[in-house]
Amino acid sequence: MSAITLSPRPATGVWSLEGQLGPEEPSVRASMERFPFAVGRRSDVSLQLHSPAVSGKHAEFVEEQGSLTLRDLGSTNGTYVNGARLRGESPISEGDLVQFADLVFRVSKNRVPTQQGTLLHDGGDQALAYLQFDRLMKDRAVVPFFQPIVNPKANAVIGFEILGRSRLFGLQNPKAMFHAAAQLKQESQLSRIFREEGLLAGKRFAPNFLLFVNTHPEELRDVKTLVNSLAEARTDFPDMSLVLEIHESAVTSPDEMRSLRQSLLELSIGIAYDDFGAGQARLLELIDVPPDYLKYDMKLVQGIADAPASRRLMLKSLVAMTKELGVTPLAEGVETRADSDACVELGFDLIQGYLFGRPAPAESFLLEALEQQV
Ligand code: G
Ligand code: MN
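Residues numbered from 1 in each chain as written. Chains lettered and ligands numbered in written order. Predicted model: local features only at pLDDT ≥ 70, side-chain atom pairs only at ≥ 80, totals over all residues. Heavy atoms only, no water.

Engineer: What should I look at first to understand the site of ligand 1 in this one?
Structural biologist: Around ligand 1 there are 16 residues in total, and Q147, D275, E332, E335 and Y354 lie nearest to it. Between a nitrogen atom of ligand 1 and a side-chain N or O atom of Q147, the distance comes to 2.9 Å. In the model, an oxygen atom of ligand 1 is placed 2.8 Å from a nitrogen or oxygen of the Y354 main chain. When isolated, ligand 1 has an accessible area of 530 Å², and the protein chains bury 76% of it. Judged by its atoms lying within 2 Å of the grid points, ligand 1 is housed in the largest pocket. Taken together, the elements giving at least two residues each to the shell around ligand 1 come down to β13 (156-166) and β16 (269-276). With three residues, β13 is the largest single contributor of residues to the shell around ligand 1. (Near = heavy atom within 4 Å. Polar contact = N/O pair within 3.5 Å; in protein donor to acceptor, adjacent residues only side chain to side chain. Areas by Shrake-Rupley, 256 points an atom, 1.4 Å probe, with all protein chains shown as cover. 1 Å grid on protein atoms, 1.4 Å probe; cavity = no way out; pocket = protein on both sides within 12 Å on 5 of 7 lines; lining within 4 Å. Sits in = over half its atoms within 2 Å of the grid points. Helix = DSSP H or I, 4+ residues; strand = E, 2+ residues; numbered from the N terminus.)

Spelled out as structure tokens, the structure:
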């Protein structure tokens, strides 16, 4: 037996909850300054949540000698700790994920107390992403963003690429969303939701602007389902000018691509090969079934203004070859005027990148302004 007894250190840190107070709200950190700390929909609780699924007084935290306990207060839709339904009460540790009906929070401690309203960064939090994924799919909680595609010679926006984002804590960017989707083998379903919600949000751009929509490589494994979903999109939006982006690495079988190309032709949907040059470009397969657009990856494009002559020459030849095949070359990831000018000189017809606009919600683009000049 040890002569010394270690007693728990006095609580110095402040417990806090990080997450969204409502499905459409930004992430905040809320400090638990007083106990019991009740959460619920009512206005007289310690932390008011704005989701109809949350009960009036849903659950409460109590602290005793520095230890935190969470107790469900007979809520209708349940309290969960790290994904498991809470029966009665449970001790809570730093880092635990607690969920009140559909709202998920990360418990933290020992941080400097902050005001509610602090925007949190997306920490690549896998467990959190996994819990939020269900909500993403059920509520179709994706927020489509649009990035302008520009014809630099005409000084005009000719279209937009639709990119998926979400407002869900822990799942804001596509990487986090597709990572969670991959664990559940739901990449195709997620990609499809992105497209459907993207086209709905992009209605205002039809028919004057081309809309470039993405596919996930998984979707190319089941071309029939992909084509069916696009046929539905065409029925819903008969006058949209659509281009389907396919990642160059997903273009593996020329026969499949040819048949996909034919089906899309019948639906008046164009094809773009995306991220060209990012990996080992499958030149043969790509040339076998030429797309309408070839999107050169930003790795090939960025810094081209100051790149050695050999790199510029290589790009120039590729762009010339692209055009000879009747394909429109597009430069991605252009951030500077110098690179943009260099791209025009190398023969690129279209440019996309932060220089001409960051991805943003559809409403942020003033159509009248776009229809005039960039
Ligand atoms: O793989 P794909 O080309 O679809 O990816 C587009 C991604 O590149 C988007 O996530 C978008 O936010 C990002 N992006 C778009 N333009 C630029 C840019 O000019 N610079 C950088 N670094 N990223 C960009
Ligand atoms: Mn793309």
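Engineer: Mind showing me how you'd approach helix α4 (residues 223-236) here?
Structural biologist: It helps to recall that an α-helix has 3.6 residues per turn; residues three or four apart then point in one direction. Between its terminal C-alpha atoms α4 stretches 20 Å, which fits the 20 Å expected from 14 residues at 1.5 Å a residue. Buried residues in α4 make contact with α3 (187-201), β15 (241-247), α5 (254-266) and β16. (Expected span 1.5 Å × (residues − 1). Contact = heavy atoms within 4.5 Å.)

Engineer: Whenever I open this one, the packing of aromatic side chains confuses me. Can you help?
Structural biologist: Note on aromatic pairs: each is described by the distance of the centres and the angle between the planes. Within this structure, the stated rule accounts for 14 aromatic pairs. Ring centres of F205 and F365 lie 6.4 Å apart, and the angle between their planes is 65 degrees; on these two criteria the pair is classed as edge-to-face. With F205 in the loop between α3 and β14 (210-214) and F365 in the loop between β19 (350-352) and α10 (367-372), this residue pair connects regions lying 160 residues apart in the sequence. Using a relative accessible area of 0% as the deciding quantity, one classes F205 as buried. (Phe/Tyr/Trp six-rings, centres within 6.5 Å; stacked < 30°, edge-to-face > 60°. Buried < 20%, exposed > 50% of the residue type's maximum accessible area, 1.4 Å probe, protein only.)

Engineer: Just checking my understanding: could you explain unusual backbone geometry for this structure?
Structural biologist: Generally, phi is negative for residues other than glycine and the peptide bonds are trans, each holding for most cases. Cis rather than trans, the peptide bond between F35 and P36 has omega equal to -5 degrees. Tracing the sequence through the fold places P36 in the loop between β2 (27-31) and β3 (37-40). Backbone geometry at K185 places phi at a positive 55 degrees, although glycine is not the residue there. Residue placement: K185 occurs in the loop between α2 (174-183) and α3. Of note in the backbone geometry, D275 takes a positive phi value of approximately 55 degrees without being a glycine. Summarising the element assignment, D275 is placed in strand β16. Judged by its relative accessible area of 19%, D275 falls in the buried class.

Engineer: Explanation requested: the nonpolar core in the structure shown.
Structural biologist: Soluble, globular proteins show a tendency: their nonpolar side chains are buried together. Among the nonpolar cores identified, the biggest contains 56 residues, and F205, I246 and Y296 are the most heavily contacted of them. Of the residues forming this core, the biggest block, five residues, is contributed by α4. With residues up to four places along the chain from it excluded, the contact list for I246 reads T215, L220, V251, M257, L260, I271, A272, Y273 and D274. Counting 24 residues, the second largest nonpolar core, distinct from the first, contains F61, V81, V98 and A101. (Core = buried A, V, L, I, M, F, W, Y, C linked by side-chain atoms within 4.5 Å.)

Engineer: Can you walk me through the coordination of the manganese ion (ligand 2) in this structure?
Structural biologist: Within the protein, E161 (OE), N214 (OD1), E245 (OE) and D274 (OD) serve as the donor atoms for the manganese ion (ligand 2), at 2.1 to 2.6 Å. Between consecutive donor residues of the manganese ion (ligand 2), the sequence gaps follow E-x52-N-x30-E-x28-D. Here N214 is found in strand β14, whereas its partner E245 is found in strand β15, with 31 residues between them in sequence. For N214, a relative accessible area of 23% corresponds to the partly exposed category. (Donors = N, O, S within 2.8 Å, 3.2 Å for Na, K, Ca; no water.)

Engineer: What am I meant to see in empty space enclosed by the protein here?
Structural biologist: Which parts of space are left empty comes out when a probe the size of a water molecule is rolled across the atoms. In the structure shown here, the tally under the stated rule is two cavities of 30 Å³ or more. In terms of lining, the largest cavity is formed by Y273, F276, L283, L286, I287, P291, L294, M321, T322, L325 and V327. If you list the elements that add at least two residues to the lining of the largest cavity, you get β16, α6 (283-288) and α8 (309-324). Looking at the lining of the largest cavity element by element, the count peaks at three residues for α6. Split by residue class, the lining of the largest cavity holds ten nonpolar, one polar and no charged. (Points joined across faces, edges and corners; volume = space filled by probe spheres on them. Nonpolar A, V, L, I, M, F, W, Y, C, P; charged D, E, K, R; others polar.)

Engineer: How should the pattern of salt bridges be read in this particular structure?
Structural biologist: Think of it this way: side chains of opposite charge can pair up when their charged atoms draw near. Taken as a whole and assessed by the stated rule, the structure comprises 19 salt bridges. Between K295 and E161 there is a salt bridge whose closest N-O contact spans 2.7 Å. Linking K295 in strand β17 (residues 293-296) with E161 in strand β13, this pair joins segments that are 134 residues apart in sequence. Given a relative accessible area of 0%, K295 falls into the buried group. (Salt bridge = Lys/Arg side-chain N within 4 Å of Asp/Glu carboxyl O.)

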